[in-house]
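# Understanding the architecture of this molecule
As a plain string of letters, each chain reads:
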Amino acid sequence: MDLQKKLSLLTQYKLWADELTFTSVSELPEGEALKSRQTRFGNMVHTLNHVYVIDDIFKAHLTGGKHAYTARNTETSPAFDELWRKQIEMDLWYIDYVDGLKPGQLSELVHFQFVGGGTGVMSREDMIIHVVNHATYHRGFVGDMFYQAGAVLPANDYPVFIRDARADSRR
């Protein structure tokens, strides 16, 4: 499998895992998703909002656009349903973006400013890998908060996606 196809698969994995996570959060008892917890971003929704913010920042880097963020998260999170809708739209954007790249674009270097200050430079390939990996990392935080809520987040790791995606493609 060539690199572009592998990155496309990774962005599809991110969409699948995000959908599973948001669906699972929506099924928790009332108040659990916003309940204050001992975690970096305070609750499940604000953690998921952080993932969206970083996805949006890197989208701006990849497109050469600007973003309005001054931090790695916003002070408050949008309503859960709005955040879910925005995250799915963002995931679909990343899938389309990767699928639309021309040969050689993955290795192009992109210069940008970190939100916390300083300059950065990464290849488009590395930016996409970061977006997928970053979301996986923070879904782990959400999984921990599920345990704190007396629930279990369904397995959403890459091997489960590969198993399920292959099973779906054979049907």
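Structure shown above.
Residues numbered from 1 in each chain as written. Predicted model: local features only at pLDDT ≥ 70, side-chain atom pairs only at ≥ 80, totals over all residues. Heavy atoms only, no water.

Moving on to helix 2 (residues 44–63). The first and last C-alpha atoms of helix 2 sit 29 Å apart over 20 residues, in line with the 28 Å expected at 1.5 Å per residue. The buried fraction of helix 2 is high, at 18 of 20 residues. The opening residue of helix 2, the one whose side-chain oxygen lies 3.0 Å from the backbone nitrogen of Val 45, is Asn 43. (Helix = DSSP H or I, 4+ residues; strand = E, 2+ residues; numbered from the N terminus. Expected span 1.5 Å × (residues − 1). Buried < 20%, exposed > 50% of the residue type's maximum accessible area, 1.4 Å probe, protein only. Polar contact = N/O pair within 3.5 Å; in protein donor to acceptor, adjacent residues only side chain to side chain.)

Bringing the pattern of salt bridges into the picture now. Under the defined criterion, the tally for this structure stands at eight salt bridges. Arg 139 is the partner of Asp 18 in a salt bridge, and the nearest nitrogen-oxygen pair spans 2.8 Å. With Asp 18 in helix 1 (residues 3–26) and Arg 139 in helix 4 (residues 124–148), the pair connects residues that are 121 residues apart, well separated along the chain. Exposure class is identical for Asp 18 and Arg 139. Each is buried. Between Arg 124 and Glu 108 there is a salt bridge; the shortest N-O distance is 2.9 Å. Taken as a pair, Arg 124 in helix 4 and Glu 108 in the loop between helix 3 (80–100) and strand 1 (109–113) lie far apart in primary sequence, 16 residues in all. Among the ionic contacts, a cluster of salt bridges with common partners joins Lys 14, Asp 18, Asp 55, Asp 91 and Arg 139. (Salt bridge = Lys/Arg side-chain N within 4 Å of Asp/Glu carboxyl O.)

This part covers the packing of helix 2 against helix 4. Running from N to C, helix 2 and helix 4 cross one another at 175°; their axes reach a closest spacing of 9 Å. As judged from the angle between their axes, helix 2 and helix 4 are roughly antiparallel. In contact with Met 44, Thr 47, Leu 48, His 50, Val 51, Ile 54, Asp 55, Phe 58, His 61 and Leu 62 of helix 2, helix 4 contributes Arg 124, Met 127, Ile 128, His 130, Val 131, His 134, Ala 135, His 138, Phe 141, Val 142, Met 145 and Phe 146. (Axes fitted to C-alpha atoms, helices over the stretch in contact; angles between N-to-C directions. Parallel < 35°, antiparallel > 145°, perpendicular 65-115°, else oblique. Contact = heavy atoms within 4.5 Å.)

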